[in-house]
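# A look at the structure
In case you want the letters, here they are:
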There are 2 protein chains.
Amino acid sequence: MHALIIIAHGSRRSASNDEIRELVMQLKTMAHGFAHIEAAFLELTEPSINSACEALIAKGCTKISCLPYFLAAGNHIIRDIPGIIAELREKHPDTDITQLAYIGAHPEMPNLLLKQIQAAN
Amino acid sequence: MHALIIIAHGSRRSASNDEIRELVMQLKTMAHGFAHIEAAFLELTEPSINSACEALIAKGCTKISCLPYFLAAGNHIIRDIPGIIAELREKHPDTDITQLAYIGAHPEMPNLLLKQIQAAN
């Protein structure tokens, strides 16, 4: 049973976190092949990556793909999220937990940025 | 003379900031109608939004559009960036400085996220 977690940074502003939750709700209607799709947050709000993973493992998920909803490969992508995933893997050696490429790395991002610029002009 | 500033958060990891600068370099080859396109950072690295704007005004730009390269409307989008822009406007009443919609607000973002998921599976 394969699950997907969209990891966002998390904000002190609850409307910002709700925006991520709504995006994940929308994604649930679009992405196929996952038994569960959940939002998780690196900091400032819940669920944490840890608690989201634990809940999915408790539901019987044997494979969890974590996609960071981040724009650039800062320390969160290079150090913090890999560290959390490494600990989860150690605790759950029978669960296949992986970190996917962050959204900002998608080759179409420059084009989306161009579209957002054009929409404003 | 119309300029565009792409505002990123900024990182302690220089490679992450370079990633933004490279994106802006790429954008320069794609976006037309701007005399200048520059990267600026909210924190942790240079140039700041303030110094990027001041440099563009010194070059003669009369209109500066600032696009936040952020995924969700947290306090940076709602409070911090508008605060910086409000101060710049007050200091430069003859320059038309505006904050455009952040990249995460683009309606095609869920679809790009789906593509990033599919690329990994």
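Please refer to the structure higher up on the page.
Keep in mind the model is a prediction, meaning the values are calculated, not measured. (Residues numbered from 1 in each chain as written. Chains lettered and ligands numbered in written order. Predicted model: local features only at pLDDT ≥ 70, side-chain atom pairs only at ≥ 80, totals over all residues. Heavy atoms only, no water.)

## Considering the pattern of salt bridges
Evaluated as defined, the whole model comprises 8 salt bridges over all chains. One salt bridge connects E108 of chain A with K115 of chain B, and the closest N-O pair in it is separated by 2.8 Å. Note that E108 of chain A is positioned in the loop between strand 4 (96-99) and helix 4 (109-120) and K115 of chain B in helix 4 (residues 109-120), a pairing that runs across two chains. Look at K115 of chain B and you get partly exposed, because its relative accessible area is 30%. (Salt bridge = Lys/Arg side-chain N within 4 Å of Asp/Glu carboxyl O. Helix = DSSP H or I, 4+ residues; strand = E, 2+ residues; numbered from the N terminus. Buried < 20%, exposed > 50% of the residue type's maximum accessible area, 1.4 Å probe, protein only.)

## Some words on the environment of E38 of chain A
Residues and elements named next belong to chain A. Tracing the backbone through its elements, the reader meets E38 in strand 2 (residues 36-41). Given a relative accessible area of 24%, E38 falls into the partly exposed group. Sequence separation between E38 and A101 is 63 residues, and the spatial gap between their C-alpha atoms is 17 Å. The contact partners of E38, leaving out residues within four places of it in the chain, are L4, I5, I6, V24, K28, L56 and K59. (Contact = heavy atoms within 4.5 Å.)

## Here's the deal with the relation of the copies chain A and chain B
With an RMSD of 0.0 Å, chain A superimposes on chain B once it is rotated by 180° and translated 0.0 Å along the axis. Seen this way, the second copy is the image of the first under a two-fold rotation axis. In terms of C-alpha distance to the rotation axis, chain A has L71 of chain A as its closest residue, with the C-alpha 3.7 Å off the axis. Taken as a fraction of all interface residues of chain A, those also at the interface in chain B reach 100%, which identifies the copy contact as same-surface. (Least-squares fit on C-alpha atoms with pLDDT ≥ 70 in both.)

Worth remembering: the numbers are spatial, not functional.
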